[in-house]
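# What the coordinates show
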Amino acid sequence: MAEKTEQRVAVVTGASRGIGEAIAHALAEQGRHVVCVARGAEKLEAVAKAITDAGGLASTKVCDMSDTAAITEMIESVAKEHGRLDILINNAGITRDNLLLRMSDEEFDDVIQVNLRGVFVACRAALRPMMRGKWGRVINLGSVSGLVGNAGQANYAASKAALSGFTKSLGKEMAAKNITANVVAPGFIQTDMTDVLPQVVKDAAQKAIPLSRFGQPREIAAAVAFLASEDAGYVSGQVLAVDGGMTMC
Ligand code: NAP
């Protein structure tokens, strides 16, 4: 018998623009109540309004994913207000690019704090309500940089590579609780994060992509939505590259 899934609640971090915004829309189209999370309230409200205008369910939480106490409070408040939390999409991520020889402690720590520690804290808080609901989906956003490295991104690549081991461990610990955990690793996707790259870097990146184009946020959202679906219940501990073939062997 098909499960009744209408009321499943999903938290999407970094949902105010780019890939996170596309994921929020995709999950709402699946009938989830989507809690959109980021630091800037105004853009978040606009995303939630667009979802509700389209007939979906959405709300917002302002939270800085570098603030451990705030993350725990945010996740606990979602679980309390809705009486459940089923899906966690750790999408918020930052770059502080620099060549390794010039990279400051701060540039390294800032990236690890949001991209790795923030994910750990959010998962730790979200697992209890998922266990209570006997069902859960965790999807962490990695990167091709975490799979093959990237000059100027030692901090970012380290944070994204670490998500692989972290997510597989979570998947092993939580499998008996019917909670799956996977990584989606995007290649070059057209968002604010890549818009700021110099044209020469964009041109070089495009040459390295077999499909010869940057991806669109909705193409990442489609992969995330599948892994968050009922249909993906037998997929766990995987790192799915959605990168136009960049990392194919
Ligand atoms: P983006 O356009 O820069 O958007 C980042 C989102 O994260 C925004 O909603 C931002 O909102 C939020 N955010 C940033 N810092 C935050 C913090 N400290 N606390 C809470 N929210 C925060 O990024 P994107 O390109 O969509 O990337 C999304 C994810 O995919 C990231 O994890 C990124 O590493 C990964 N990725 C992207 C690409 C790409 O080509 N675009 C490639 C590989 C992987 P506020 O600023 O309002 O907080």
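## Details of the packing of aromatic side chains
- Within the structure shown, the criterion is met by one aromatic pair.
- Ring centres of F188 and F214 lie 5.4 Å apart, and the angle between their planes is 35°; this geometry places the pair in the tilted category. Here F214 lies in the loop between α8 (199-207) and α9 (217-227) and F188 lies in the loop between β6 (179-186) and α7 (192-195), a separation of 26 residues in the sequence. Pair check on accessibility: F188 and F214 agree, each one buried.
- One residue, R8, lies across the ring of W135, its end atom 3.6 Å from the ring centre.

## Here we look at the site of the ligand
- Taken together, 29 residues lie near the ligand, and S16, M65, N91, Y156 and T191 sit nearest.
- At 3.1 Å, a backbone N or O of G14 approaches an oxygen atom of the ligand.
- A distance of 3.0 Å is found between an oxygen atom of the ligand and a backbone nitrogen or oxygen belonging to G40.
- Taking 890 Å² as the accessible area of the ligand by itself, protein coverage stands at 95%.
- Assessed atom by atom at 2 Å from the grid points, the ligand resides in the largest pocket.
- Taken together, the elements giving at least two residues each to the shell around the ligand come down to α1 (18-29), α6 (154-174) and α7.

## Points about the pairing of strand β5 (residues 136-141)
- β5 sits mainly inside the fold: six of its six residues count as buried.
- Neither face of β5 is exposed, since G136, V138 and N140 on one face and R137, I139 and L141 on the opposite face are all buried.
- Sheet topology note: the strand β4 (residues 87-90)/β5 ladder contains four bridges and is parallel. Residue pairing across strands places I89 opposite I139, the latter belonging to β5.
- Read from β4 through helix α4 (residues 105-133) to β5, the crossover connection turns out right-handed.
- As judged from the six bridges shared by β5 and β6, these two strands associate in the parallel manner.

About the thresholds
Residues numbered from 1 in each chain as written. Predicted model: local features only at pLDDT ≥ 70, side-chain atom pairs only at ≥ 80, totals over all residues. Heavy atoms only, no water. Phe/Tyr/Trp six-rings, centres within 6.5 Å; stacked < 30°, edge-to-face > 60°. Helix = DSSP H or I, 4+ residues; strand = E, 2+ residues; numbered from the N terminus. Buried < 20%, exposed > 50% of the residue type's maximum accessible area, 1.4 Å probe, protein only. Lys NZ or Arg CZ within 6 Å of the ring centre and 35° of its normal. Near = heavy atom within 4 Å. Polar contact = N/O pair within 3.5 Å; in protein donor to acceptor, adjacent residues only side chain to side chain. Areas by Shrake-Rupley, 256 points an atom, 1.4 Å probe, with all protein chains shown as cover. 1 Å grid on protein atoms, 1.4 Å probe; cavity = no way out; pocket = protein on both sides within 12 Å on 5 of 7 lines; lining within 4 Å. Sits in = over half its atoms within 2 Å of the grid points. Pairing = 2+ DSSP bridges. Right-handed = clockwise from strand over helix to strand, strands pointing away.

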